[in-house]
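Listed below, chain by chain, are the residues.
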Amino acid sequence: MRATQTELRLARRMSRLGTETAFEVLVKARALEAKGRDIVHLEIGEPDFDTPSNIIEAGANAMRKGWTHYGPSAGLPALREAIAEDVSKSRRVKVTADEVAVVPGGKPIIFFGIMALVEEGDEVIYPNPGFPIYESMINFLGAKAVPIQLREDMDFRLDVNELKALINDRTKLIILNSPQNPTGGMLTKDDVADIADAIGDRDIFVLSDEIYSRLIFEGEHHSLMSLDGWKDRVILLDGFSKTYAMTGWRLGYGVMRADLATHISRLMTNSNSCTASFTQVAGVEGIRGDQSSVARMCQEFKRRRDLFYERINKIKGFSCKKPKGAFYMFPNITKTGWPSKKLADALLDDAGVAALSGTAFGAFGEGYLRFSVANSIENLNKALDRVEQWANKNL
Ligand SMILES: Cc1ncc(COP(=O)(O)O)c(C=O)c1O
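Residues numbered from 1 in each chain as written. Predicted model: local features only at pLDDT ≥ 70, side-chain atom pairs only at ≥ 80, totals over all residues. Heavy atoms only, no water.

Looking at the sheet that holds strand 8 (residues 252-255)
A sheet is described by the order of its strands in space; here seven strands give the open sequence 2-8-7-6-5-3-4, paired in mixed fashion. A single partner strand is all that each edge strand has here, and the edge strands are strand 2 (100-103) and strand 4 (144-149). Averaged over neighbouring strand pairs, the angle between their axes works out to 20° when direction is ignored. In this structure, strand 3 (residues 123-128) lies alongside strand 4, joined through six bridges in parallel fashion. (Pairing = 2+ DSSP bridges. Helix = DSSP H or I, 4+ residues; strand = E, 2+ residues; numbered from the N terminus. Axes fitted to C-alpha atoms, helices over the stretch in contact; angles between N-to-C directions.)

Here it is in structure tokens:
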């Protein structure tokens, strides 16, 4: 037997892998709870609703009926067909089942999409503040991460002139996200057309993360995929986690030209083999079944957004735009005089409110906090009471 443990020498690329801070804050908050503290959880980005019962039934029945085996790496034909029909309708563009890759959640489309398209040294433009996995994956895969700042004075839409200035011969991929995490910003129809013009006929792909496309409070969802001639240059990311409150089921998809979809499936064969079969059968029910739960959930998020918006803007040091979609509030906290991370830590430690520092979403998130409103009105009021008391005492 060896006396000493083998030294752990990780591959260098592991030092370039980022994280999603929400999960770390959740662990810290749970540790405080274990010591007896009462914490209001506004850190994690998942609907607090149960998965609709028709979907649960479909999943449980599928297990009983033997959908417990491997399936095709690209996804079950019935689900790919249902997704193709659904996306054809919602994005007003003809999509076929062979253009759909089913994967375990939305995240793998980010990982696999970048892995399949981007070489070391290529540049990828991505929104900042934005979902942290974009930057993490770009860096991990050896590409150059080029942030485009989303600004509050533009309602967190991106500035197309800035985008134009960032595009060059090394740009391989541009990542868009609307409605946006963490800001709730949404691209307008004109924005989408201007972005298409800015890219022009360069050889650039767009990863359009539209995972919150069904959670919209004002305005309409606009996708680059709907524009004439753009379908083959876009990877559309969408899924079931947010729309149908199915985060733990792990079910998402990408829609893209069929030849690229086969390569995403090869990555699936090499990593997961396939997405869980019974989960996919449940997904068919999600898409083809009763949609009233989606509308109800969206309505409830809107009610909570309105409450949070009213109250947070009355708290000393905080000012917040009204998000148009998703379920996050992203207040500006510069007037508190506190750095974002320190303020998020203080709210957790002193006030028992778990929120995320804006910097968890990139450097341009400094000066902001993110609160998820995927919690009850009662808990939101409790959190706001606590933040208010904390601000009155400490600012
Ligand atoms: C913008 C964005 N894209 C993708 C995802 C990943 O979703 P999933 O849980 O389906 O992997 C999330 C989840 O928070 C998100 O906010």
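There is more to say, and it comes next.
Details of the site of the ligand
Around the ligand sit 13 residues in total, of which Gly106, Asp209, Tyr212, Ser241 and Lys242 are the nearest. In the model, an oxygen atom of the ligand is placed 2.8 Å from a nitrogen or oxygen of the Gly106 main chain. Contact between the ligand and Lys242: an oxygen atom at 2.6 Å from a side-chain N or O atom of the residue. Its residues assigned to classes, the shell around the ligand shows four nonpolar, five polar and four charged. (Near = heavy atom within 4 Å. Polar contact = N/O pair within 3.5 Å; in protein donor to acceptor, adjacent residues only side chain to side chain. Nonpolar A, V, L, I, M, F, W, Y, C, P; charged D, E, K, R; others polar.)

Regarding the packing of aromatic side chains
For the coordinates displayed, the defined rule picks out 15 aromatic pairs. A ring pair is formed by Phe131 and Tyr134, whose centres lie 5.8 Å apart and whose planes are at 75°; its orientation type is edge-to-face. Given the relative accessible area of 14%, Phe131 is considered buried. Taken together, a centroid distance of 5.8 Å and an interplanar angle of 80° make the contact between Phe156 and Phe330 edge-to-face. You can see Phe156 sitting in the loop between strand 4 and helix 6 (160-166) and its partner Phe330 sitting in the loop between strand 9 (328-329) and helix 11 (340-351), a full 174 residues away along the chain. The class of Phe156 is buried, set by a relative accessible area of 5%. Members of the aromatic cluster, joined through ring pairs, are Phe49, Tyr212, Phe301, Phe327 and Tyr328. Over the face of the ring belonging to Trp230 we find Arg233, whose NZ or CZ atom lies 4.0 Å from the ring centre. (Phe/Tyr/Trp six-rings, centres within 6.5 Å; stacked < 30°, edge-to-face > 60°. Buried < 20%, exposed > 50% of the residue type's maximum accessible area, 1.4 Å probe, protein only. Lys NZ or Arg CZ within 6 Å of the ring centre and 35° of its normal.)

Focus: the sheet that holds strand 12 (residues 369-372)
Pairing between the strands of a sheet comes from backbone hydrogen bonds, and it takes one of two forms, parallel or antiparallel. Reading across from one edge, 9-12-11 is the order of the three strands in this open sheet, with antiparallel pairing throughout. Two strands close off the open sheet at either side, each with one partner strand: strand 9 and strand 11 (356-357). Relative to strand 12, strand 9 is paired through two bridges, and the arrangement is antiparallel. By the bridge assignment for strand 12, Tyr328 is matched with Ser372. The strands that helix 11 touches are strand 11 and strand 12; relative to strand 12, the one it contacts most, it runs at about 40°. (Contact = heavy atoms within 4.5 Å.)

Here we look at the environment of Gly184
By secondary structure assignment, the location of Gly184 is in the loop between strand 5 (171-177) and helix 7 (189-199). The spacing of Gly184 and Tyr212 is 28 residues in sequence and 9.3 Å in space, taken between C-alpha atoms. Ignoring anything within four residues of it in the chain, the contact list for Gly184 reads Pro323, Lys324 and Gly325.

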